[in-house]
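Analysis of the macromolecular model
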Amino acid sequence: MKRHVKNLIPVAVLAVLLSLPYSTLRIPGVFDGAVNTPGSLQLLALCLLFAGLAIGYDLLFGRLGLMSFGHALYVALGAYSAELAMKNLHLPLVLAALLATAIGAAVSTLLGAVSLKGVGKLGTENLGTVGFAMVTLAFAQAGSILVGRDPKTTGGEEGLPLSTEKVPAAFVGVVNTVNLYWLALAYLVLVCAVVWWLTDSRVGRAWQAIRDNERRAEVLGLNPFRYQLGAFVLAGTLGAVGGVVHLLVTAGATPETTTTDFTLALLVMVVLGGSGTRWGPVLGGVLYTLLDHRLGAVATSDSVAGLPAVLRVPLSQPLVLLGVLFVLVVYAVPGGLAALPSRLRGRRPPTRPGLRGRGPRGQRGEQHRLGVVEGEAHGAHPDRVASEL
Amino acid sequence: MILELDDVHVTLGGSHILQGVSFSVAPIGVTALLGRNGVGKTTTVKAILGLVRRTGRIDFGGDPVHRLRTHEIVRRGIGYAPEDRCVFAKLTVTENLALAERRGSAHAYDLVYELFPELKARSAQAVGTLSGGQQQMVAIARTLLNDNRLIVVDEPTKGLAPKVVTEVAEVLERAAERVPMLLVEQNLALVRRLAGDGVVLAAGQVVHRGPVRELLADAALTRELLGVGQARGESVTPPTRPAPSGGSIHPLAIVKDRQPPDEVSPPESTRSDAP
Amino acid sequence: MSTLVLLTLTGLGLGALYFLIASGLSLIFGLMDVLNFAHGALVTAGAYAAWRLTGHLPFAVAIAAAIATGAALAALIETVLIRPLYSRPKDQILVTVGLGLALPALVQGIWGADARQLQAPKQLAGTVSLLGARVPTDRFVLIAAAIVVLAALKLFLSRTRYGLVVRAGVEDRAMVTALGIDVRKAFTLVFAIGGALAGLAGALGGVYFGSVSPDQGTSLLVFGFVVVVIGGMGRTDGVALAAAAVGLIQQFTNYYAASGLGDFAAVAILAVVLLARGNRDGVRRLIRRAA
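This structure is a prediction, so every number in the text was calculated from the model and none was measured. (Residues numbered from 1 in each chain as written. Chains lettered and ligands numbered in written order. Predicted model: local features only at pLDDT ≥ 70, side-chain atom pairs only at ≥ 80, totals over all residues. Heavy atoms only, no water.)

**Concerning the overall build of chain A**
In terms of helices and strands, chain A carries 19 helices and two strands. Evaluated residue by residue, chain A yields a buried proportion of 51% over its 389 residues. Contacts in chain A between residues at least 24 apart in sequence constitute 73% of all its contacts with a sequence separation of at least 6. Per element, the accessible surface of chain A, about 17600 Å² overall, is 64% carbon and sulfur. (Helix = DSSP H or I, 4+ residues; strand = E, 2+ residues; numbered from the N terminus. Buried < 20%, exposed > 50% of the residue type's maximum accessible area, 1.4 Å probe, protein only. Contact = heavy atoms within 4.5 Å. Areas by Shrake-Rupley, 256 points an atom, 1.4 Å probe, with all protein chains shown as cover.)

Below, the structure is given as structure tokens:
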């Protein structure tokens, strides 16, 4: 029964998403017009696109525990190389998209190998995560600089408008916004299919083993580097495909996609929704995109303009609110919004056989919430625990 | 009783490692904490010091300490020489000792340098460059530097050459004359020599308490509680009483200890056969 | 020759800026395993503190205010936000990420997105003639500041009890507490030192670039990270060398190759260093064979 319900959720969600363009529903506060107006569909398309990008990012962050700060690079690569292929090589959209995907795969293979290889040898394990974070950040920054410093090719701060003559007419113009919605939905379905299928497969179990304890996974005969690189390339390639979709949905390649803030937005989405879960990144991606747009509208509204400066200034900057919200989620809802229902339901730890008296509570989440002495990080080191057992 | 544990539980990474440990440590002499590998001896020690999250009651010197943080517990007068020594490899001997100095306590450098003259000679050397035995001396010296009411020593002879084990044993014996000690040790010959009371853990619980001599005299019980693993204990040369001090070479000097750190040396015979 | 001198001193000045940022990052990471993404925001905070006071008060006061702002903000962040999360290292990084997003946005909300001109005092605005080159004075100030900071950090680490605690904590935090030392005090101190240096970097960076802007700190932070990874975490000397090298290479590449390539060169060195480190044994063997 329960299993049936679980399998039905994606079908139900997909059914809702498929029906949205036919809906004349009005949701005040979220969409300006009815759901099926171009403005709303454009925003919805962005929501679905970012949900897909967030899933791709979470492949690294949630599934493998790799904190990449350079995911924007691959999205930007997809968008810019597809546009440049259309503009300068005069390729039709499909070929340009394929080329962009191939470039995304190639660059992520190269840079992933460098980042992961160097990281493993930096010293302690902790340094590994952090070194990887810094290195991916640096590479992405290089990409961002390239785009900024070469305005002749990339359009610099202006970005590049979409070469509409190379794009099928169905994706051009306000009247065709619904097709962009379908495109974004197709992208989301593609990413979900690939990532969810892999997560449930043997590969996914290997990912989990590597995330939980890289060294133990190595002892089990898994090659962490190979799996990590595979995931990195997959995430990079999916990101590049997402970049092409971004190019079409926003009708241009924008330098915002190259920035660290773009990656950080993906990180915030994933953490907000719940990393390492099926629906967390989807939820986070949709919610963040909606908030980002609605908060922008709030910021310029008259009601905010009338507030005293102490309130007006933070409210006028969506990033202030999102940053604060993010910090609050990290504190109050570890595991993200996707974990909220089970956290509310599972307050009471399960009774365990062999646990008597005032034994420690078994819930991991509970443990985290109570203040812990500094020593625990040291004492509870997986390897130390393993040797202690 | 200087230290009392009552129903102490520890869960690490989802495993319920200590399941209600209760025992006490006498205010005099050495209490040995025994058990096979992985029964939770080191976790018990860490629980006492607050280095792992635990529940239950722990009294030190009559006062509850289980709500205090590690440094506060230690400041009440516990010296701790952890498993794997945990000396600061990049710091010099002097710096390692200086770090251990606690405010409000006399610092017994005289005692430390009398017990470990080698450390004085190597005071400016980084501890990471010392042999395993010398590093263990630093770890023990740190516990003896302050006016402690209890010292907790976890596996002090682990990975040391037999000769060095003997030296460590002698130092611990001297230390035990001054301050009560909780000793975790696999080397049963050493335990027999030093410890009065013994507490045996199995699967995260105390399964036996009583004088060590009686326990070790009962071969069947020893095998049942501690495994057949007497091998390590019996391979150790019986310790000799230290010569009266004042001689030119201190009996505990570890000058000749040329063992690479953390390696058990091969038996003498094979070494002499080597080209 | 004069170009060479100018490029060298400008590169070293930039390197000095990187050092001020990277040394704090490296200390914080070394002791606490916290990758501080809010460090750039501290730089920005320092820069704006200096900008607000310049012109009203002596420039030295503005610098002191920048340092104080950075230190106070950092200490606040550590005690209020980071400290409760010491058992959740990843969440600590996430919290600093959130702050790194929110704080510059807040600055932007208050003072606008545009760069604000920082009018350096006359003594710093001029140039000094050296070996035929006219070198802006602020380069010397930056380099001098970095040298003083390096010396002070080394003295702090080697001569003081807190320095000893920090060095020991970098090796084994838990054992430091097991010696009866409240290592959290050292955490706050190190965070505050990092914040003070970030504030100083913000103020001096404002002089170097001639202006302050909300995202200035964050873009400098990236090179701070590059320097930390190249120089080695928790190694002050290594960080100083790496900072100088990155600054010099950036300037020289920008001048002799193409503008903008310098930033690439910095990232390229990072890649080379990482690969070399990954194959350290191989490199050592090569060196031995060559020697």
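**Focus on the sheet that holds strand S3 (residues 30–34) of chain B**
All names here are of chain B. Spatial ordering of the open sheet is given by S6-S7-S8-S3-S9-S10, a layout of six strands whose pairing is mixed. The open sheet is flanked by strand S6 (78–81) and strand S10 (205–211), the only strands paired with a single partner. If you compare each strand with its neighbour and ignore which way they point, the axes differ by 15 degrees on average. Alignment of strand S9 (residues 195–202) against S10, held across six bridges, turns out to be antiparallel. Note on S10: the bridge partner recorded for Gly-198 is Gly-210. (Pairing = 2+ DSSP bridges. Axes fitted to C-alpha atoms, helices over the stretch in contact; angles between N-to-C directions.)

**A look at unusual backbone geometry**
Residues and elements named next belong to chain B. If you check the backbone angles, Cys-86 has positive phi at about 50 degrees while not being a glycine. By the element assignment, Cys-86 lies in the loop between S6 and helix H3 (93–100). Using a relative accessible area of 11% as the deciding quantity, one classes Cys-86 as buried. Even without a glycine there, the phi angle at Ala-203 is positive, about 50 degrees. Position of Ala-203 among the secondary structure elements: in the loop between S9 and S10.

**Quick look at the interface of chain A and chain C**
A common measure of how large an interface is: the accessible area buried when the components associate. The interface of chain A with chain C comprises 47 residues on the first partner and 49 residues on the second. Connecting chain A to chain C are zero salt bridges. Our enumeration of links across chain A and chain C arrives at one residue pair in polar contact (both at pLDDT 80 or more). Among the elements of the structure, helix H4 (93–120), helix H5 (125–149), helix H11 (260–273), helix H14 (309–315), helix H15 (318–332) and helix H18 (375–379) of chain A are those that each provide at least two residues to the side of chain A that touches chain C. Considering every element that reaches the side of chain A that touches chain C, the biggest residue donor is H5 of chain A, with 14 residues. Of the residues that constitute the side of chain A that touches chain C, the class distribution is 33 nonpolar, nine polar and five charged. (Salt bridge = Lys/Arg side-chain N within 4 Å of Asp/Glu carboxyl O. Polar contact = N/O pair within 3.5 Å; in protein donor to acceptor, adjacent residues only side chain to side chain. Nonpolar A, V, L, I, M, F, W, Y, C, P; charged D, E, K, R; others polar.)

**What about the environment of Gly-78 of chain A?**
Residues and elements named next belong to chain A. The residue Gly-78 is located in helix H3 (residues 72–88) in this model. Between the C-alpha atoms of Gly-78 and Ala-240, which are 162 residues apart in sequence, the distance is 3.9 Å. Excluding its chain neighbours within four sequence positions, the residues that come into contact with Gly-78 are Ala-100, Ala-240, Gly-243 and Val-244.

**Here we look at the pattern of salt bridges**
Residues and elements named next belong to chain B. Within the structure shown, the criterion is met by 15 salt bridges over all chains. Across the pair Arg-174 and Glu-114 runs a salt bridge, and its minimum N-O distance is 3.1 Å. In this pair, Arg-174 is assigned in helix H7 (residues 162–178) and Glu-114 in helix H4 (residues 109–115), connecting sequence segments 60 residues apart. What emerges from the salt-bridge pattern is a single network uniting Glu-83, Asp-84 and Lys-158.

**Side note on the confidence of the model for chain B**
When pLDDT is averaged along chain B, the result is 81; 83% of the residues meet or exceed 70. Low pLDDT, under 50, characterises residues 229–275 of chain B; the stretch is placed with 60 contacts to residues that sit more than four places away or in other chains. (pLDDT = per-residue confidence, 0-100.)

**Section: the sheet that holds strand S5 (residues 63–64) of chain B**
Each strand in a sheet pairs with another by means of backbone hydrogen bonds, the pair being arranged parallel or else antiparallel. Residues and elements named next belong to chain B. Here we have four strands laid out as an open sheet, ordered S2-S1-S4-S5, and antiparallel in their pairing. Each edge of the sheet is formed by a strand with only one pairing partner; in this case those strands are strand S2 (15–25) and S5. Of the pairings in the sheet, the one linking strand S4 (residues 54–60) to S5 comprises two bridges and is antiparallel in character. Pairing of Asp-59 across the sheet is with Pro-64, part of S5.

**A few points about H3 of chain A**
The first and last C-alpha atoms of H3 of chain A sit 23 Å apart over 17 residues, in line with the 24 Å expected at 1.5 Å per residue. Immediately downstream of H3 of chain A, the backbone of His-90 of chain A shows phi near 60 degrees, a positive value. (Expected span 1.5 Å × (residues − 1).)

**Considerations on the UniProt feature "transmembrane region" (unreviewed entry) in chain A**
Residues and elements named next belong to chain A. If you check UniProt for "transmembrane region" (unreviewed entry), the listed places come out as residues 42–61, 93–115, 127–148, 169–198, 229–250, 262–280 and 319–340 in our numbering. Helix makes up 100% of residues 42–61 and strand 0%, whereas the separation of the span's terminal C-alpha atoms amounts to 28 Å. Taken end to end, residues 262–280 has its terminal C-alpha atoms 18 Å apart, with 68% of it in helix and 0% in strand. (UniProt positions renumbered as here; feature names shortened; annotations may be inferred.)

**Observations concerning the packing of aromatic side chains**
Following the criterion strictly, the structure yields 16 aromatic pairs over all chains and no others. Residues Tyr-18 of chain C and Phe-223 of chain C carry aromatic rings whose centres are separated by 5.5 Å and whose planes lie at 20 degrees to one another, so their mutual orientation is stacked. Placement of the pair is Tyr-18 of chain C in helix H1 (residues 2–32) and Phe-223 of chain C in helix H10 (residues 216–231), with a sequence separation of 205 residues. If you follow Arg-278 of chain A out to its NZ or CZ, it ends over the ring of Trp-196 of chain A, 4.5 Å from the centre. (Phe/Tyr/Trp six-rings, centres within 6.5 Å; stacked < 30°, edge-to-face > 60°. Lys NZ or Arg CZ within 6 Å of the ring centre and 35° of its normal.)

**Considering the pairing of strand S7 (residues 150–154) of chain B**
All names here are of chain B. Counting buried positions over the five residues of S7 gives five, a clear majority of the element. Residues Leu-150, Val-152 and Asp-154 point to one face of S7 and Ile-151 and Val-153 to the other, with burial holding for every one of them. Pairing of S7 with strand S8 (residues 181–184), which is carried by four bridges, proceeds in the parallel orientation. Paired with Ile-151 across the two strands is Met-181, which belongs to S8. Read as a crossover between parallel neighbours, the route from S7 over H7 to S8 is right-handed. (Right-handed = clockwise from strand over helix to strand, strands pointing away.)

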